[in-house]
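Examining the three-dimensional arrangement
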Amino acid sequence: MTLQATLSVHIGSFTLAADIGVEPGTTLALLGPNGAGKSTALRALAGLRPLTGGVVELGGRTLDDPARGVFVPPEQRSVGVVFQDYLLFGHLSAVDNVAFGLRARGMRKREANTAAAEWLDRVGLAAQARHKPRQLSGGQAQRVALARALAIRPDLLLLDEPLAALDAATRIQIRAQLRKHLDEYDGATVLVTHDPLDAMVLADRLLVVENGTVVQAGAPAEIAKRPRTDYIAALVGLNLYRGTADGVTIKLNDGGVLTTAHPMEGAVFVTFPPNAVSLHKTRPDGSPRNTWLAEVAGIEQHADTVRVRLNGIPDLLADVTTAAVAELSLTPGQQVWVTVKATETNAYPI
Amino acid sequence: MRAVRARVPVALVIPALIGLAFLVLPLIGLVIRAPWATLVDHLSTAEVGEALRLSLICATSATAICLVLGVPLAWMLARTEIPGRRIARAFVTVPLVLPPVVGGVALLLVFGRRGVIGQYLDSWFGFSLPFTTTGVIVAEAFVAMPFLVIAVEGALRGADPRFEEAAATLGASRWMAFRRVTLPTVAPGIAAGAVLCWARALGEFGATITFAGNFPGTTQTMPLAVYLALEQDPDSATVLSLVLLVVSVAILVSLRDRWIGARA
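To start, this report covers the structure provided alongside it. Source: prediction; values computed, not measured.

Another aspect to go through is the overall build of chain B. Helix and strand content of chain B: 14 helices and zero strands. Its helices and strands taken in sequence order, chain B reads α-α-α-α-α-α-α-α-α-α-α-α-α-α from the N to the C terminus. When burial is assessed residue by residue, chain B has 39% of its 264 residues classed as buried. At a minimum sequence separation of 6, the contacts of chain B that also span at least 24 residues come to 74%.

Structure follows, in structure tokens:
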């Protein structure tokens, strides 16, 4: 069933305003920094926080519409929720946790337990059915929570930072499994995360939320390629500038000029990836057109590359090899020449 | 390793030791003066057996009433935003500090044969609470309920309400969420509160003697029997007191981890 929601929630001075539409069988990710209002959106969809304005409709049924005085409480919505810290009932075994929703919906104990056991089997936890939540690892608890939410066969599945509580190694494994379960699930899914990788891997569509408003929406690949805010640019690892294009020359709003390969006109965003940057001790000969002098502000090791923060006109991030750092003997405060090939830049209208 | 802390000041040690002795000596006296040789005979007399039986029945019934009424009251105080909740909490704690005799008088004024409610109970149902075993239970419940409510409310406040939200998203009504999620979570708190409540009910004297009187077999509980025996048969009073002391210590031991140790 299709989810169609116009959310408006006021909490003190904070306001969340977002339009959300999700087709059955697809996953929408709400991506944003902490405190952006993502979890509030999820709570509003689940019915745990009534809307201040707007409307929530699921499969044509109105769940919340303050203007018309309609509010369906959470227990009467067909919505499954996987909470960030799972909220498994500590006094119940894994199988009883999964059976809880079925029992609440009036299924007999024996049938509910059979169905719950099947769900646990499906998430690979048949052997842990009798375990209490405190005996489960983080990854296992996450899968029990997922099975518990899916067991009630909800029309809408809500996932609140489903991988945030897991360690890095478990995360990769659980992320892949979650993707598989979401593919098999035929309802609409809304996922909240602050991790761009989770969003890219799990979602068909992305809604980037900052300060309670949607700043960008689209397919993950599109957003990764054409970020429109500094937050998203930082998430997807791109240098992002705003400027005014006149042919292939872009005059940046905060100073500096970049040259691109394809002519544009008017207000544009322009990006280039940090690994497209070359650093030189002396001004390179026959240099590319994007060449400027910058000062090293910081150096951080990032897996197998080194990320260098540079202050210049404009500022930028550069990813270079450890060998290059040694060769240039980079130290903070040092002046270096920066070059970026025009073909590595990507400009698109604001 | 050498002790590096300075010696504890005498000005503190002496009153501290006197204070400790003051609390412990009477209990030791009770044990020393107990008529150990005739202990079994005293315990097996009809009066003692009757008082003990009555005490256990009344304290247990009062605790049952407190559980049925007090747990929902604690839930209301902890989980709802109804108006007057703060005042309600204040009233709940009043019986804690009220002299029990005053409680007994107040109960008489309400449930007595001419009382605010008692007159209707009498004229409509021919039913009267004062000076009956039921009256004892009512008096004990009145005095003991705050212990339960406060313990359970504390446990509820410590329990994460988001588990109830999780239950709601799974389709559980608020009642079912309370029954199947909240109640099991706070069960240790309820158990502790019930034990405290039971102990308080068992030792109840003032409200009971005021509201229910002192009739052997119907309203004469252990504390009342102790008081009466003290004038006629001091040895029996000592034995009864010893029994109550043993019960109190047993309760303290059972609650040791929860109330005296570090609270989880």
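We are not done yet, so read on.
Our next topic: helix H2 (residues 94–104) of chain A. Counting buried residues along H2 of chain A, 10 of its 11 residues qualify, which places the element largely inside the surrounding structure. Of all the residues in H2 of chain A, the buried ones are Ala94, Val95, Asp96, Asn97, Val98, Ala99, Phe100, Gly101, Leu102 and Ala104 of chain A. Contacts from the buried residues of H2 of chain A go to helix H3 (109–122) and helix H4 (138–151) of chain A together with helix H8 (162–169) and helix H9 (174–185) of chain B. Looking one or two residues beyond H2 of chain A, the residue adopting positive phi is Gly106 of chain A, at roughly 95 degrees.

The next thing to look at is the pairing of strand E4 (residues 53–58) of chain A. Residues and elements named next belong to chain A. Where strand E1 (residues 3–11) meets E4, six bridges bridge the pair, whose relative direction is antiparallel. Across the sheet, the residue bridging to Ala5 is Val56, located in E4. Pairing between E4 and strand E5 (residues 61–65): three bridges, direction antiparallel. Bridging across to E5, Val56 finds its partner in Asp64. Linking E4 back to E5 in an antiparallel pair, the connection comprises two residues, with Gly59 at a positive phi of about 55 degrees.

Taken as a whole and judged by the stated rule, the model has nine aromatic pairs over all chains. Measuring from ring centre to ring centre gives 6.4 Å for Phe89 of chain A and Phe163 of chain B, while their planes differ by 50 degrees; the resulting arrangement is tilted. Placement of the pair is Phe89 of chain A in the loop between strand E7 (79–82) and H2 and Phe163 of chain B in helix H8, with the two residues belonging to separate chains. Ring centres of Tyr120 of chain B and Trp124 of chain B lie 5.2 Å apart, and the angle between their planes is 50 degrees; this geometry places the pair in the tilted category. Of this pair, Tyr120 of chain B and Trp124 of chain B both sit in helix H6 (residues 118–125), four residues apart, which is roughly one turn of the helix. Accessibility expressed as a relative area gives 40% for Tyr120 of chain B, which makes it partly exposed. Within the aromatic cluster, the residues linked to one another by ring pairs are Phe89 and Phe100 of chain A together with Phe163 of chain B.

Turning to empty space enclosed by the protein, a few remarks are in order. Within this structure, the stated rule accounts for two cavities of 30 Å³ or more. By volume, the largest cavity is sized at about 40 Å³. Residue lining of the largest cavity: Arg79, Ala159, Asp160, Phe163, Glu164, Val181, Thr182 and Thr185 of chain B, and that is the complete set. For the lining of the largest cavity, the per-class residue count stands at three nonpolar, two polar and three charged. Reported here for the second largest cavity is a volume of approximately 40 Å³. For the second largest cavity, the full set of lining residues is Asp96, Ala99, Arg103, Lys109 and Asn113 of chain A together with Arg180 of chain B. For the lining of the second largest cavity, the secondary structure elements donating two or more residues are H2 and H3 of chain A. With three residues, the single largest contributor to the lining of the second largest cavity is H2 of chain A. A breakdown of the residues in the lining of the second largest cavity according to their chemical character gives one nonpolar, one polar and four charged.

The rules behind each value
Residues numbered from 1 in each chain as written. Chains lettered and ligands numbered in written order. Predicted model: local features only at pLDDT ≥ 70, side-chain atom pairs only at ≥ 80, totals over all residues. Heavy atoms only, no water. Helix = DSSP H or I, 4+ residues; strand = E, 2+ residues; numbered from the N terminus. Buried < 20%, exposed > 50% of the residue type's maximum accessible area, 1.4 Å probe, protein only. Contact = heavy atoms within 4.5 Å. Pairing = 2+ DSSP bridges. Phe/Tyr/Trp six-rings, centres within 6.5 Å; stacked < 30°, edge-to-face > 60°. 1 Å grid on protein atoms, 1.4 Å probe; cavity = no way out; pocket = protein on both sides within 12 Å on 5 of 7 lines; lining within 4 Å. Points joined across faces, edges and corners; volume = space filled by probe spheres on them. Nonpolar A, V, L, I, M, F, W, Y, C, P; charged D, E, K, R; others polar.

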